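# Structural overview
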Amino acid sequence: MLALAGYPLGLKFRFLDETRGPAADVADWRLASFSDNDALDRFADGVDLVTYEFENVPVSAAAHLASRLPLFPPPRALSVSQDRLAEKDFLSSLGIATASYTAVRSREELEAAAGRLGPSCVVKTVRHGYDGRGQVVLRQPADAAKAWDMLGRTGRTLICEQLVPFTRELSVVAACGHGGKMAVYPLVENEHRAGILFSTVAPAKSVSEALTADAHSIARRVCAALEYVGVLAIELFDCNGTLVANEIAPRVHNSGHWTIDGAETSQFENHLRAVAGWPLGGAAAALPSRMLNFIGEVPPLTPLLEIAGAHIHLYGKEARPGRKLGHVTVCGVDEEDADRLFRKAAQMVGAPVLAARS
Ligand SMILES: Nc1ncnc2c1ncn2[C@@H]1O[C@H](COP(=O)(O)OP(=O)(O)O)[C@@H](O)[C@H]1O
Ligand SMILES: [Mg+2]
């Protein structure tokens, strides 16, 4: 998606990954281990700058590349977001609210944490979790032992978080240019199913000026502290108008995919503009949009293509349960139209929208 956004701007791309990915179909592409410094050096030869769109790129690989050519976002953004404890410590140090949390390294510590933070809490592996993987929700103290058996045995450090009674999930996606310039996309509302992003309503409805100001302030503080350059997303819980930060994604984000079709400038183009040191494009919504992920399987495309204002994006990935294989964005002429198209598209994706928030 970055390459597709960059070709019209005259950019050329080379990608490096540890497994074959969709970028291999559209650009010069290298298969190598992130820990192979010789391969990283060959990758860097003739390249002007490096960026990444995966937060589990090892910090050592990013630092190695950053020692020889410009690399954005800065490696510190990786080290903060790869570790849920470091991430929450970082957010807290900026005065940004998070769920109450504690590190857990043994069954006893988990039981004590669940007693203190519970009755409802969520235990997560500190590293390498995504799409709800590596997480167990505890509803009662007795669930702690079960959760430890599922997650703790591997010897990995865990984090226990209070389950936040949010009214909805939002995210803010921001493009940060060199010199502190920012383009912030409107807040969007995200629905997760089984921990996986299912849909995004963009812009989110019923967003007060105060809520927007709070989200912007959170984004500004995070970007400033990390000296961030590129696109970044912050997942937020909206608790009746009070924002609690969940996690930081130092990259273009699934909840920003609607911007390809529904915003003045897509997040992918703005990421490239930011890292290249170019002026940022407008981040306003051009049309009310709804994005629906294809999870585990790609639905029949023809009926979706018949929806006026529907845009399909397939990632060229092999189907696997729980894997995001593509998405459809519907853009309406107004909110009502967008909601109607959303319900129609969701039915075709085989996962009806449960409730249309007004
Ligand atoms: N502390 C929490 N309170 C309430 N819900 C949570 C909490 N942590 C995670 N969740 C739910 O699980 C989803 C996935 O968790 P998240 O921390 O974002 O991990 P991932 O890296 O898998 O996206 C969230 O979007 C939210 O729906
Ligand atoms: Mg998340």
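Before reading further, recall that the structure is shown in the block above.
Residues numbered from 1 in each chain as written. Chains lettered and ligands numbered in written order. Predicted model: local features only at pLDDT ≥ 70, side-chain atom pairs only at ≥ 80, totals over all residues. Heavy atoms only, no water.

## Re the coordination of the magnesium ion (ligand 2)
Looking at the magnesium ion (ligand 2), one finds its protein donor set to be E235 (OE), E235 (OE) and E247 (OE), positioned 2.0 to 2.8 Å from the metal centre. With E235 in strand β11 (residues 230-239) and E247 in strand β12 (residues 242-249), this pair connects stretches of sequence that are 12 residues apart. What makes E247 partly exposed here is its relative accessible area of 22%. (Donors = N, O, S within 2.8 Å, 3.2 Å for Na, K, Ca; no water. Helix = DSSP H or I, 4+ residues; strand = E, 2+ residues; numbered from the N terminus. Buried < 20%, exposed > 50% of the residue type's maximum accessible area, 1.4 Å probe, protein only.)

## What about the packing of aromatic side chains?
Counted under the stated rule, the structure contains four aromatic pairs. Centroid distance Y7 to F13: 5.5 Å. Interplanar angle 90°. Geometry classified as edge-to-face. Residues F166 and F237 carry aromatic rings whose centres are separated by 4.9 Å and whose planes lie at 10° to one another, so their mutual orientation is stacked. Of this pair, F166 sits in the loop between β6 (158-162) and β7 (168-176) while F237 is found in strand β11, placing the two residues 71 residues apart along the sequence. We classify F166 as partly exposed; its relative accessible area is 35%. A relative accessible area of 10% places F237 in the buried class. Positioned above the aromatic ring of F198, the side-chain terminus of R193 is 3.8 Å from the ring centre. (Phe/Tyr/Trp six-rings, centres within 6.5 Å; stacked < 30°, edge-to-face > 60°. Lys NZ or Arg CZ within 6 Å of the ring centre and 35° of its normal.)

## A word on the site of ligand 1
The full set close to ligand 1 counts 20 residues, and K124, G132, V164, E169 and N246 are the nearest of them. One of the side-chain N or O atoms of E235 is found 3.0 Å from an oxygen atom in ligand 1. Within the side chain of N246, a nitrogen or oxygen atom sits 2.8 Å from an oxygen atom of ligand 1. When ligand 1 sits alone it has 540 Å² of accessible area, and the protein chains cover 90% of it. (Near = heavy atom within 4 Å. Polar contact = N/O pair within 3.5 Å; in protein donor to acceptor, adjacent residues only side chain to side chain. Areas by Shrake-Rupley, 256 points an atom, 1.4 Å probe, with all protein chains shown as cover.)

## What about helix α2 (residues 37-44)?
For α2, the full list of buried residues reads A39, L40, F43 and A44. Buried residues of α2, viewed axially, fall in a sector of 135°; they line one side. Exposed and facing more than 90 degrees away from the buried side of α2 are D38 and R42. N-capping of α2 is provided by D36, with a side-chain oxygen placed 3.1 Å from the backbone N of D38. Following α2 by one or two positions, G46 has its phi on the positive side, about 85°. (Arc of directions from axis to C-beta.)

## Some thoughts on the packing of helix α6 (residues 107-117) against helix α7 (residues 143-152)
α7 packs onto α6 with a crossing angle of 135° between their chain directions and a minimal axis gap of 9 Å. Comparing the axis directions of α6 and α7 gives the class oblique. For the pair α6 and α7, the sense of crossing is right-handed. From α6, R107, L110, E111 and A114 reach across to α7, where they touch A144, A145, A147, W148 and D149. Partitioning the contact of α6 with α7 into residue classes produces six nonpolar, no polar and three charged. (Axes fitted to C-alpha atoms, helices over the stretch in contact; angles between N-to-C directions. Parallel < 35°, antiparallel > 145°, perpendicular 65-115°, else oblique. Left-handed = near helix turned anticlockwise from the far one by under 90°. Contact = heavy atoms within 4.5 Å. Nonpolar A, V, L, I, M, F, W, Y, C, P; charged D, E, K, R; others polar.)

No statement about biological role is implied by the geometric values presented.
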